[in-house]
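Each chain, written out:
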Amino acid sequence: MHAPAPAAPLVPPPGEVLAEAVEFLHLYHDERRLPGVAARIAQLREEIALTGTYRHTTEELVYGAKVAWRNSVRCVGRVRWAGLKVRDRRTVVTVSGIARELAQHLVAADNGGRIQSVMTVFAPDRPGVGPRARIWNDQLIRYCGYRAGGDTVLGDPAQVAMTDAAQRLGWRPPPVLGRFDLLPWVIETEYEDPTLVEAPRELVREVALVHPEHRWFEQLRLRWHALPVISNMRLRIGGVDYSCAPFNGHYLGDEIGTRNLGDQGRYDQLLPVARGLGLDTSREDTLWREHAALVINQAVLYSFKQAGVRVSDPHTESELFMKFCAQEERAGRPVHGDWSWLNGSVGWAALHAVHHRYYDTRVPNLNLWPGERAYGPTGVAQLGLRQRHVAARLREG
Ligand code: ARG
């Protein structure tokens, strides 16, 4: 059997604002069956000639955000793309205003446990200068990773660089360090230096993990947050970049059970769980790793369900993804997808989407792209937003 072709890397093609704008406006008017595309294009031609960019109407922004999700080649949950709730907050440009909106995003997304997909869109980037606001965290809710001597980390090893960055900015961790301490937010704008904001703990829903059959499981004291809110990706619609546009869906059990808690470079829980199960871990051919991963996944799905928090199991989700493919094909659109991202699961070979191997591996440009990093090995050399905007204003005189 041949491996399916991997999708193109997530790098946007060099764009030209007018060409992308025209393409987007045609798509928007066609798909929504709206009249007046020629007049709208004439208008934004003029706006672009004058200012180098143009302003989306709220309706265009909302539709563009939904299509960006629909085009996200790594997401298996895209059947829900039209149900995205988009909050147009382009006028909010201060750290305190952004922090308030992020808190409200958490409330809208949490939706009493029946997680709602939400995106909050702040002001677009200034062309040729950069983002007007940037959230340093990769997600709004993440756990600290503290260096604990040698290679050991207390908490989430994936967050060591962010935890360091927050501490360098003056953040003080709680007096007793834990494995699941919430990271603070770091928000930066063109007028304000990177600023620490304590994440509103009372708005962060978490689920303590128990297993339906293994009583001892709860003694591992594992937990996870209910909401994955990605905050470091750049939304690009019709040639306009929105670097500050956090969005969330709901969790697929494997993201937590297999990867976050199971990966050796994350919480690394396969061995403790295998010990609890009394498995022989001295040799690989007992498949104790698969057994332990399965038990953690059962605990995640069971505990979320018990707590009334929306979560998907991989088989149901994969079947829904096939529905998405069928819908897209009916609409005459190619299904863009990255097979390797669409098919992660402990029981992967039984997934529907595994056997649907021929996706269009090109990545459409109206999309969500990796944002620029503000800290860590690739981010340290970058200028802060404020310095960058001041320099640009001086250049312009
Ligand atoms: N895998 C990431 C995490 O474990 C979340 C990515 C987005 N997932 C989602 N279901 N929308 O936190």
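Look up: the structure comes first, before these words.
What comes next concerns the included structure.

So, how was this worked out
- Residues numbered from 1 in each chain as written.
- Predicted model: local features only at pLDDT ≥ 70, side-chain atom pairs only at ≥ 80, totals over all residues.
- Heavy atoms only, no water.
- Phe/Tyr/Trp six-rings, centres within 6.5 Å; stacked < 30°, edge-to-face > 60°.
- Helix = DSSP H or I, 4+ residues; strand = E, 2+ residues; numbered from the N terminus.
- Buried < 20%, exposed > 50% of the residue type's maximum accessible area, 1.4 Å probe, protein only.
- Lys NZ or Arg CZ within 6 Å of the ring centre and 35° of its normal.
- Expected span 1.5 Å × (residues − 1).
- Contact = heavy atoms within 4.5 Å.
- Near = heavy atom within 4 Å.
- Polar contact = N/O pair within 3.5 Å; in protein donor to acceptor, adjacent residues only side chain to side chain.
- Areas by Shrake-Rupley, 256 points an atom, 1.4 Å probe, with all protein chains shown as cover.
- Pairing = 2+ DSSP bridges.
- Axes fitted to C-alpha atoms, helices over the stretch in contact; angles between N-to-C directions.
- Salt bridge = Lys/Arg side-chain N within 4 Å of Asp/Glu carboxyl O.

**Looking at the packing of aromatic side chains**
Consideration 1: Across all of its chains, the model carries 11 aromatic pairs by this definition.
Consideration 2: Both rings, one in Tyr 63 and one in Trp 81, keep their centres 6.3 Å apart while their planes meet at 75°; by these two values the pair is edge-to-face. Note that Tyr 63 is positioned in helix α3 (residues 58–70) and Trp 81 in the loop between α3 and β1 (85–88), a separation of 18 residues in sequence. Each member of the pair, Tyr 63 together with Trp 81, is buried.
Consideration 3: Note on Tyr 143 and Trp 224: the rings are 5.1 Å apart at their centroids and 85° apart in plane angle, and the pair reads as edge-to-face. Placement of Tyr 143 in the loop between β3 (133–135) and β4 (145–147) and of Trp 224 in strand β9 (residues 223–225) is noted, with a sequence separation of 81 residues between them. Of the two residues, Tyr 143 and Trp 224, both sit in the buried class.
Consideration 4: Aromatic ring contacts, followed pair by pair, group Phe 24, Tyr 28, Tyr 63 and Trp 81 into a single cluster.
Consideration 5: Its guanidinium or amino end placed over the ring of Trp 81, Arg 70 lies 4.7 Å from that ring's centre, counting from NZ or CZ.
Consideration 6: Arg 373 extends its terminal NZ or CZ atom over the ring of Tyr 375, reaching a point 4.5 Å from the ring centre.

**Observations regarding helix α1 (residues 17–31)**
An α-helical turn contains 3.6 residues, so a residue and the one three or four places further along point in the same direction.
Consideration 1: Here α1 contains 15 residues, and its C-alpha end-to-end distance of 21 Å stays within 8% of the 21 Å for a straight helix at 1.5 Å per residue.
Consideration 2: Looking at α1, one finds that the buried residues are Val 17, Glu 20, Ala 21, Val 22, Phe 24, Leu 25, Tyr 28 and His 29.
Consideration 3: At its buried positions, α1 is contacted by α2 (37–51), α3 and β11 (233–237).
Consideration 4: Following α1 by one or two positions, Arg 33 has its phi on the positive side, about 50°.

**Details of the site of the ligand**
Consideration 1: Around the ligand sit Gln 139, Arg 142, Pro 228, Ile 230, Gly 249, His 250, Tyr 251, Glu 255 and Asn 260, and that is every residue in its neighbourhood.
Consideration 2: Side-chain polar atom of Gln 139 to an oxygen atom of the ligand: 2.9 Å apart, as the coordinates give it.
Consideration 3: One of the side-chain N or O atoms of Asn 260 is found 2.8 Å from an oxygen atom in the ligand.
Consideration 4: Protein contacts shield 72% of the accessible area of the ligand, which totals 350 Å² for the unbound molecule.

**Thoughts on unusual backbone geometry**
A negative phi holds for most residues other than glycine; trans holds for most peptide bonds.
Consideration 1: Residues other than glycine seldom take positive phi values, yet Arg 33 does so here, at roughly 50°.
Consideration 2: Note on placement: Arg 33 falls in the loop between α1 and α2.
Consideration 3: By relative accessible area, which is 75% here, Arg 33 ends up exposed.

**Notes on helix α8 (residues 288–306)**
Consideration 1: Across its 19 residues, α8 extends 27 Å between first and last C-alpha, which sits within 8% of the 27 Å expected from 1.5 Å per residue.
Consideration 2: Listed as buried for α8 are Trp 288, Ala 292, Ala 293, Val 295, Ile 296, Asn 297, Ala 299, Val 300, Ser 303 and Phe 304.
Consideration 3: In the core, the buried residues of α8 are packed alongside β8 (206–208), β9, α6 (253–260), α7 (270–276) and β15 (311–312).
Consideration 4: One or two residues past the end of α8 sits Gly 308, with phi positive at roughly 70°.

**Looking at the sheet that holds strand β13 (residues 247–248)**
Adjacent strands of a sheet form backbone hydrogen bonds with each other and so pair up, either parallel or antiparallel.
Consideration 1: Taking strand neighbours across the sheet as the criterion, the 4 strands line up as β1-β2-β13-β10 in an open arrangement whose pairing is mixed. Each of the sheet's edge strands pairs with one partner strand only, and the pair in question is β1 and β10 (229–230).
Consideration 2: Inspection of the sheet shows strand β2 (residues 118–121) paired to β13 by 2 bridges, in the antiparallel sense. Residue Val 118 lies in a different strand from β13, and its bridge partner there is Asn 248.
Consideration 3: Here α3 sits on the sheet and contacts β1 and β2; the angle it forms with β1, its principal contact strand, is near 140°.

**Brief notes about the pattern of salt bridges**
Consideration 1: Counted by the stated rule, this structure contains 28 salt bridges.
Consideration 2: Glu 190 is the salt-bridge partner of Arg 132, the closest N and O atoms lying 3.6 Å from each other. Residue Arg 132 is located in the loop between β2 and β3, and its partner Glu 190 is located in the loop between β6 (185–189) and β7 (195–197); the two are separated by 58 residues in the primary sequence.
Consideration 3: With a relative accessible area of 18%, Arg 132 lands in the buried category.
Consideration 4: Looking at Glu 190, the relative accessible area reads 2%, which means it is buried.
Consideration 5: Salt-bridge contacts for Glu 372 lead to Arg 134; the nearest nitrogen and oxygen are separated by 2.3 Å. With a gap of 238 residues between them, Glu 372 in the loop between β16 (367–370) and α11 (385–396) and Arg 134 in strand β3 connect regions that are remote in the sequence.
Consideration 6: Glu 372 gets classed as partly exposed once you look at its relative accessible area, which sits at 33%.
Consideration 7: Through salt bridges that share partners, Glu 20, Arg 234, Arg 236 and Asp 241 make up one connected network.

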